[in-house]
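Given next are the chains, with one letter for each unit.
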Amino acid sequence: MQTPGQTPGMNPPEAYPPLRIKRLDSGLPLPVRAHADDAGIDLYAATDLELAPGRRQLVGTGVAIALPVGTVGLIHPRSGLAARAGLSIVNTPGTIDAGYRGEIKVCLINHDLDTPITIARGDRIAQLLVQRVELPAVVEVDELDDTVRGAGGYGSSGGHAILSDGKA
Ligand SMILES: O=c1ccn([C@H]2C[C@H](O)[C@@H](COP(=O)(O)OP(=O)(O)OP(=O)(O)O)O2)c(=O)[nH]1
Ligand SMILES: [Mg+2]
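Residues numbered from 1 in each chain as written. Chains lettered and ligands numbered in written order. Predicted model: local features only at pLDDT ≥ 70, side-chain atom pairs only at ≥ 80, totals over all residues. Heavy atoms only, no water.

A. Structural context of the overall build of the protein. The number of helices and strands found in the protein is one helix and eleven strands. Helices (α) and strands (β) of the protein occur, in sequence order from the N terminus, as β-β-β-β-β-β-α-β-β-β-β-β. What you see for the protein is a C-alpha radius of gyration of 20 Å, clearly larger than the 15 Å of a compact globule of 168 residues, by over 25%. If one aligns the C-alpha atoms of the protein with their principal axes, the spans along those axes are about 55 × 45 × 35 Å. (Helix = DSSP H or I, 4+ residues; strand = E, 2+ residues; numbered from the N terminus. Rg over C-alpha atoms; globule rule 2.2 N^0.38 Å.)

B. Up close: a nonpolar patch on the surface. Together, Val69, Val133 and Leu135 line one region of the surface with nonpolar side chains, adding up to about 300 Å² of accessible area. For leucine 135, the position within the fold is in the segment after strand E11 (124-132). Judged by its relative accessible area of 60%, leucine 135 is exposed. (Patch = residues over 30% accessible without salt bridge, like charges linked within 9 Å, V, L, I, M, F, W, Y side chains within 5 Å. Areas by Shrake-Rupley, 256 points an atom, 1.4 Å probe, with all protein chains shown as cover. Salt bridge = Lys/Arg side-chain N within 4 Å of Asp/Glu carboxyl O. Buried < 20%, exposed > 50% of the residue type's maximum accessible area, 1.4 Å probe, protein only.)

C. Molecular detail of the UniProt feature "domain: dUTPase-like" (unreviewed entry) in the protein. According to UniProt, the "domain: dUTPase-like" (unreviewed entry) feature falls on residues 29-158. End C-alpha atoms of residues 29-158 are separated by 48 Å, and the span's content is 5% helix alongside 35% strand. (UniProt positions renumbered as here; feature names shortened; annotations may be inferred.)

D. Quick peek at the nonpolar core. Counting 23 residues, the largest nonpolar core has Ile75, Leu87, Val106, Leu108, Ile119 and Ile125 as the members making the most contacts within it. Broken down by element, the residue count for this core peaks at three residues, all from E11. When neighbours within four sequence positions are excluded, isoleucine 75 is seen to be in contact with Leu43, Ile89, Thr92, Pro93, Gly94, Ile96, Ile104, Val106, Ala126, Gln127 and Leu128. (Core = buried A, V, L, I, M, F, W, Y, C linked by side-chain atoms within 4.5 Å. Contact = heavy atoms within 4.5 Å.)

E. Molecular detail of the environment of arginine 78. By the secondary structure assignment, arginine 78 is in the loop between strand E6 (71-76) and helix H1 (79-85). Take arginine 78: its relative accessible area is 23%, and that puts it in the partly exposed class. Excluding residues within four positions of it along the chain, arginine 78 makes contact with Asp42, Arg124, Ile125, Ala126 and Gln127.

F. Up close: a negative patch on the surface. Together, Glu140, Asp142, Glu143, Asp145 and Asp146 give the surface a local cluster of negative charge. Mapped onto the fold, glutamate 143 is located in the segment after E11. On the accessibility criterion, glutamate 143 (69% relative accessible area) is exposed. (Lys, Arg positive; Asp, Glu negative; His and termini not counted. Charge placed at Lys NZ, Arg CZ, Asp CG, Glu CD.)

Spelled out as structure tokens, the structure:
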């Protein structure tokens with residue numbers, strides 16, 4: 001079935017259980033996707049705040065959720081605010097555990113070097129993605145299987161930029 005705001009021909013699987021959201025602040029709207037087929041559900045700031053350049057602040061969103069076990073909520077920045085103002089999230093993406101029932105909070109940071117960012121209560125400051133996640137038991141072993149990569153990492157395959165001091 002086509003829902004309003006959904007791209008024609010892009011029908012989401014019917015199998016997903018609905019995400020249960022509890023509003024802790026009835027003065028804010030229920031968070032929704034801007035378009036029905038968006039990955040992210042936009043989250044609102046519950047308070048006004050001003051972030052000086054380089055400063056960070058934990059901001060409430062006025063909602064709590066009950067994620068199904070085997071899923072994780074990921075709190076991502078919004079790209080428009082990132083590009084226009086330098087707004088991001090310190091611990092991006094934030095991890096919301098399935099068992100967490102407290103208010104979702106966002107640790108915002110102003111990456112702009114010069115200009116403060118003013119946020120008003122009700123502004124959409126971040127987005128919540130729900131993804132499936134594996135929950136394997138942790139087992140200690142003495143040996144790991146061999147691979148071509150082995151312990152190589154951190155640029156071992158090349159192709160990275162040369163730093164201005166000439167170091168690779
Ligand atoms: O951006 C975030 C990240 C986390 N949380 C909440 C939900 C999450 O389930 C809980 C714990 O997050 P995390 O495991 O990342 O933090 P921690 O420092 O390991 O705390 P804890 O010891 O409570 O797990 O905090 C948020 O509200 N927003
Ligand atoms: Mg933790």
